[in-house]
Amino acid sequence: MADPGKPRSIAPILVLVGLSALWALDSLRNDLLPGPFRAAEVLPPFERLSLYWLLLATAAAALARIQRARRPSRRMAIHASLIGLGLFAIPELLIHVAGTLVPAFTRVAMFSLAPVFAVVLEPYIGVPDYTPLRNGLLSALVAVMGVLLLFPLDLPHSPAQYAAFSAVLLAVLLVASVNCLAVRVVVAYSHHATSLAAFAASATAFTFFAIAAAAGNLAPLSFTLAPQAAWSLLVDFPAFVAFFWLLPHMVAARMTLRFLLAPLFAILFSFILFTPHISLRIAFGLALMAMGSAWMLFVPDSDASTHTSLLHLENNDNA
């Protein structure tokens, strides 16, 4: 983790921006690429996810081999596996359970709350020497306001919708909190290559979805999956590695900005490629998203010596 007293390196910010841009490209895949490369539902969801994570785990293992990373301790492997469950497997399962009861745009709006949760939770479950972001909560809320102008929330109206809405909200909270813990874990094991943590996390996600897929009927593999596998290696895997590289270099509150930057880039790419009409509401929403995200990324951290927690849980000697 960077020393608060030193100028912050621009490299982690560039990596986060690159990761978010790759996510944005992935969301536009069906619009940009010919049929074979599109995200077609060739396989049932859990089989598709298990193959996806098997591919990423294999690539991460190859990267660790190239780096000649030493074998991780059992404790590190367990922690990295829990990261895989909390960041990738269980949230994906919760989103799958919610299904179409929570529309895609509503999910985007709900995941924009991840930086808000991370700003609040990181002082308590993040690295011990965490330095808070100056006005981090306010800037995160400003960015969320921008998201809501672009992706209005479709609020639930039935018990089933309330349950689905709660499942997605739980997924957002889980991602934000486990991201805080992941930073703490990787910083503690900074003497190990982060590719080992990436391998353990992706292998755990693969095992989770493989077990889920085995509970149903397995579909036969097809060569039509080859273009999608190539896309995963060229786009998804670099983003995956970038995420694990960021863990010891950036606080979780900033890392969760990927849930704001990715839709921001997706909208900007759509404007460039398809030149739609930009309304005042869309322009104002984009401006709020950009300003809130930029503030969290570039404004110096608060002075740790004068820090008080957001929830005012610090001890009061005068009480």
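Above this note sits the structure.
Worth saying up front: this structure is predicted, and the values here are computed from it rather than measured. (Residues numbered from 1 in each chain as written. Predicted model: local features only at pLDDT ≥ 70, side-chain atom pairs only at ≥ 80, totals over all residues. Heavy atoms only, no water.)

Novice: Can you help me understand unusual backbone geometry in this one?
Specialist: For residues other than glycine, phi is negative in most cases, and the peptide bonds are mostly trans. With a phi close to 55°, R68 is a non-glycine residue in the positive phi region. Tracing the backbone shows R68 in the loop between α3 (45-67) and α4 (74-98). Located in the positive-phi region is N135, a residue other than glycine, with phi close to 55°. Structurally, the position occupied by N135 is in the loop between α6 (114-125) and α7 (136-150). (Helix = DSSP H or I, 4+ residues; strand = E, 2+ residues; numbered from the N terminus.)

Novice: Please explain the packing of aromatic side chains as it appears in this structure.
Specialist: The description of an aromatic ring pair rests on the distance of the ring centres and on the angle between the ring planes. Evaluated as defined, the whole model comprises 14 aromatic pairs. Each ring, one from F265 and one from F269, has its centre 5.9 Å from the other, and the planes form 20°; the classification is stacked. Within this pair, F265 and its partner F269 are both found in helix α12 (residues 258-274), separated by 4 residues, close to a single helical turn. Its relative accessible area of 24% is what places F269 among the partly exposed residues. Linked through ring pairs, Y52, W53, F88, F240, F243 and F244 together constitute an aromatic cluster. (Phe/Tyr/Trp six-rings, centres within 6.5 Å; stacked < 30°, edge-to-face > 60°. Buried < 20%, exposed > 50% of the residue type's maximum accessible area, 1.4 Å probe, protein only.)

Novice: What is the right way to look at α4 in this model?
Specialist: An α-helix turns once per 3.6 residues; consequently, residues spaced three or four apart project the same way. A rise of 1.5 Å per residue sets the reference length of α4, with its 25 residues, at 36 Å; its end C-alpha atoms lie 35 Å apart and thus fit the reference within 8%. At L85, α4 shows its strongest bend, of approximately 35°. Buried within α4 we find M76, A80, I83, G84, G86, L87, F88, A89, P91, L94, I95 and A98. One or two positions beyond α4, positive phi appears at G99, with a value near 60°. (Expected span 1.5 Å × (residues − 1). Bend = angle between axes of the 7 residues up to and from the residue.)

Novice: Even after reading the chapter, I still don't get the nonpolar core, so can you show me in this structure?
Specialist: Proteins that are soluble and globular tend to have nonpolar side chains buried together. Counting residues in hydrophobic clusters, the biggest one holds 88 residues, and the most contacted among them are L87, F88, F111, F240, F243, F244 and L247. At 14 residues, helix α8 (residues 159-188) tops the list of elements feeding residues into this core. The residues touching F88, leaving out its near neighbours within four places in the chain, are W53, I83, A201, A205, F209, F240, F243 and F244. (Core = buried A, V, L, I, M, F, W, Y, C linked by side-chain atoms within 4.5 Å. Contact = heavy atoms within 4.5 Å.)

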